Amino acid sequence: TELPEGMGSLSGLHTLDLSVCTGLKELPQCMGSLTGLRMLDLSWCAGLKELPEGMGSLTGLQTLDLSWCKGLVELPEGMGSLTRLHTLNLSWCEGL
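In short, a report on the structure. (Residues numbered from 1 in each chain as written. Predicted model: local features only at pLDDT ≥ 70, side-chain atom pairs only at ≥ 80, totals over all residues. Heavy atoms only, no water.)

The next subject is the packing of aromatic side chains. Each aromatic ring pair is described using two quantities: the centre-to-centre distance and the angle formed by the ring planes. Inspection of the entire model under this criterion finds 2 aromatic pairs. Centroid distance W44 to W68: 4.4 Å. Interplanar angle 10°. Geometry classified as stacked. Taken as a pair, W44 in the loop between β2 (39-41) and β3 (63-65) and W68 in the loop between β3 and β4 (87-89) lie far apart in primary sequence, 24 residues in all. Taking 4.9 Å as the distance between ring centres and 15° as the angle between the ring planes, the aromatic pair formed by W68 and W92 counts as stacked. With a gap of 24 residues between them, W68 in the loop between β3 and β4 and W92 in the segment after β4 connect regions that are remote in the sequence. (Phe/Tyr/Trp six-rings, centres within 6.5 Å; stacked < 30°, edge-to-face > 60°. Helix = DSSP H or I, 4+ residues; strand = E, 2+ residues; numbered from the N terminus.)

As structure tokens, this is what we get:
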């Protein structure tokens, strides 16, 4: 299961809660276009294998919850660009 590429046009979106979307395998590259995003909750998305490189473009992101994303094996290099990130939850990410 995946999200539509059209999500990238939701530039005014501040909060995106996809928690417990256990069938979610990947996020679209357009996620990087959500520059207004402040909080992204992907907790319990156990089927999620990777995050798109565009995640580094979410420069307004303050909270990222990846807890219980057991399928994640690495984080994209661009994550270092998230200078406003205050909270990063990686608990129970056994693949990291």
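Tracing the sequence through the fold places D65 in strand β3. Here D65 is buried and forms no salt bridge, its nearest opposite-charge partner K70 lying at an N-O distance of 14 Å. Within the local environment of D65, its side chain forms a polar contact with the side chain of S67, the two groups lying 2.7 Å apart. (Buried < 20%, exposed > 50% of the residue type's maximum accessible area, 1.4 Å probe, protein only. Lys, Arg positive; Asp, Glu negative; His and termini not counted. Salt bridge = Lys/Arg side-chain N within 4 Å of Asp/Glu carboxyl O. Polar contact = N/O pair within 3.5 Å; in protein donor to acceptor, adjacent residues only side chain to side chain.)

Spatial ordering of the open sheet is given by β1-β2-β3-β4, a layout of 4 strands whose pairing is parallel. Of all the strands in the sheet, the pair left with one neighbour each is β1 (15-17) and β4. Here the strands of the sheet are splayed against their neighbours by 5° on average, with no regard to which way each runs. Bridging between β1 and β2 involves 3 bridges; their strand directions are parallel. The partner of T15 across the bridge, within β2, is M39. (Pairing = 2+ DSSP bridges. Axes fitted to C-alpha atoms, helices over the stretch in contact; angles between N-to-C directions.)

The subject of this paragraph is the environment of M39. For M39, the position within the fold is in strand β2. A C-alpha to C-alpha distance of 13 Å links M39 and S11, two positions 28 residues apart in sequence. Not counting residues within four places of it along the chain, the set of residues in contact with M39 comprises H14, T15, L16, L61 and T63. (Contact = heavy atoms within 4.5 Å.)

Below, the discussion takes up unusual backbone geometry. The residue V20 is not glycine, and still its phi comes out positive at about 65°. V20 sits in the exposed class, given a relative accessible area of 54%. Its identity is not glycine, yet W44 carries a phi of approximately 65°, on the positive side. Here W44 falls in the partly exposed class, since its relative accessible area comes to 44%.

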